[in-house]
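Examination of the molecular architecture
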Amino acid sequence: MERSAYAEMAAIDEIHWWYKARRKIIASLISREIHLRPDATIVEIGCGTGSNLSFLSRFGRLTGIEPDEVARTFAKARSQVPVIEGRLPDGLPINDQSAEMIVMLDVLEHIDDDLGALRAITQKLKPGGRLLLTVPALPSLWSAHDLEHHHKRRYTDRTLRAVVMDSGLELEKISYFNTLLLPLIAAVRGIKSLTGNSTPDTGLPATWLNKLLEAVFSLERLMIGRVPLPLGVSLVMIARARS
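Attention in this report is confined to the structure presented alongside it. Note that this is a predicted model, so its numbers are computed, not measured. (Residues numbered from 1 in each chain as written. Predicted model: local features only at pLDDT ≥ 70, side-chain atom pairs only at ≥ 80, totals over all residues. Heavy atoms only, no water.)

1. Description of the overall build of the protein
The secondary structure content of the protein amounts to nine helices and seven strands. The C-alpha radius of gyration of the protein comes to 17 Å, within 12% of the 18 Å expected for a compact globule of 243 residues. C-alpha extents for the protein along the principal axes are approximately 50 × 40 × 30 Å. Surface summary for the protein: the accessible area is close to 11100 Å², and the carbon and sulfur share equals 55%. Side chains of the protein carry 30 positive and 28 negative charges; the gap between the two charge centres is 5 Å. (Helix = DSSP H or I, 4+ residues; strand = E, 2+ residues; numbered from the N terminus. Rg over C-alpha atoms; globule rule 2.2 N^0.38 Å. Areas by Shrake-Rupley, 256 points an atom, 1.4 Å probe, with all protein chains shown as cover. Lys, Arg positive; Asp, Glu negative; His and termini not counted. Charge placed at Lys NZ, Arg CZ, Asp CG, Glu CD.)

What follows is the structure, given as structure tokens:
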């Protein structure tokens, strides 16, 4: 990701509708679907500027891993969670079979060898441990936002299932999300494409709109895993290491 994007992210990710709603959705999924001991060993790979560390640390003993020095500096400044250098697929500084849950939120799409990355993660999970990840979905939504963030791909349900199953993990749950706002986001990106507008979609909207978008997106925490969501801007998946 561009270095300038880290500073922008750190400045808005506590209040931006997308980050706030995604945290609510992921917290709800962990509480409902992954039953962890209070002292469970949790690792967030690709923790970026650290906006997820606070809420993830409520579920156990958390360590953040981040390859970029600038992002690590932001993350360390905003949290008491240890944040260490590491990268996928060959540079994870944690022991094999040591993590009860690994979290990767919009990280896998940055990695050239996504299968190799997932195989490396599988080795770090305890038997029965879970991987929870999110990725951007639908290649048709490819835009300047993906270019700025150095994405290699956007996934579909089929392509994410395939790479996860090839890694040796057992798929437990997969769902599209950011579904309610998909028509709006698709329309905005379509208009930008037609007009040659390459401005990324990461800016903070007006306060009233930011609150409205957060409220709409947050509703999906009540839907994922309970109501089929056939398409969405993103995908979320939970997979288990074989016992």
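2. A look at the environment of Leu141
With respect to the element layout, Leu141 can be found in the loop between β5 (125-136) and α6 (144-148). The buried category is assigned to Leu141, whose relative accessible area is 5%. (Buried < 20%, exposed > 50% of the residue type's maximum accessible area, 1.4 Å probe, protein only.)

3. A look at the packing of helix α2 (residues 17-33) against helix α9 (residues 207-218)
Between α2 and α9, whose axes approach to 8 Å, the crossing angle comes to 25°. When the axis of α2 is compared with that of α9, the two are roughly parallel. Crossing of α2 over α9 shows right-handed handedness. In contact with Trp17, Trp18, Lys20, Ala21, Arg22, Lys24 and Ile25 of α2, α9 contributes Asn210, Leu213, Glu214, Phe217 and Ser218. Residues belonging to the contact of α2 with α9 are distributed by class as follows: six nonpolar, two polar and four charged. (Axes fitted to C-alpha atoms, helices over the stretch in contact; angles between N-to-C directions. Parallel < 35°, antiparallel > 145°, perpendicular 65-115°, else oblique. Left-handed = near helix turned anticlockwise from the far one by under 90°. Contact = heavy atoms within 4.5 Å. Nonpolar A, V, L, I, M, F, W, Y, C, P; charged D, E, K, R; others polar.)

4. Thoughts on α9
End to end, α9 covers 16 Å across 12 residues, agreeing with the expected 16 Å (1.5 Å per residue, within 8%). Turning to α9, its buried residues number three or more, namely Asn210, Leu213, Glu214, Phe217 and Ser218. For α9, the arc enclosing every buried residue in end-on projection is 125°, short of the 170-degree limit, so these residues lie on one face. Across from the buried face of α9, at angles greater than 90 degrees, the exposed residues are Trp208 and Lys211. Lining the buried residues of α9 we find α2, β6 (170-177) and α8 (182-195). (Expected span 1.5 Å × (residues − 1). Arc of directions from axis to C-beta.)

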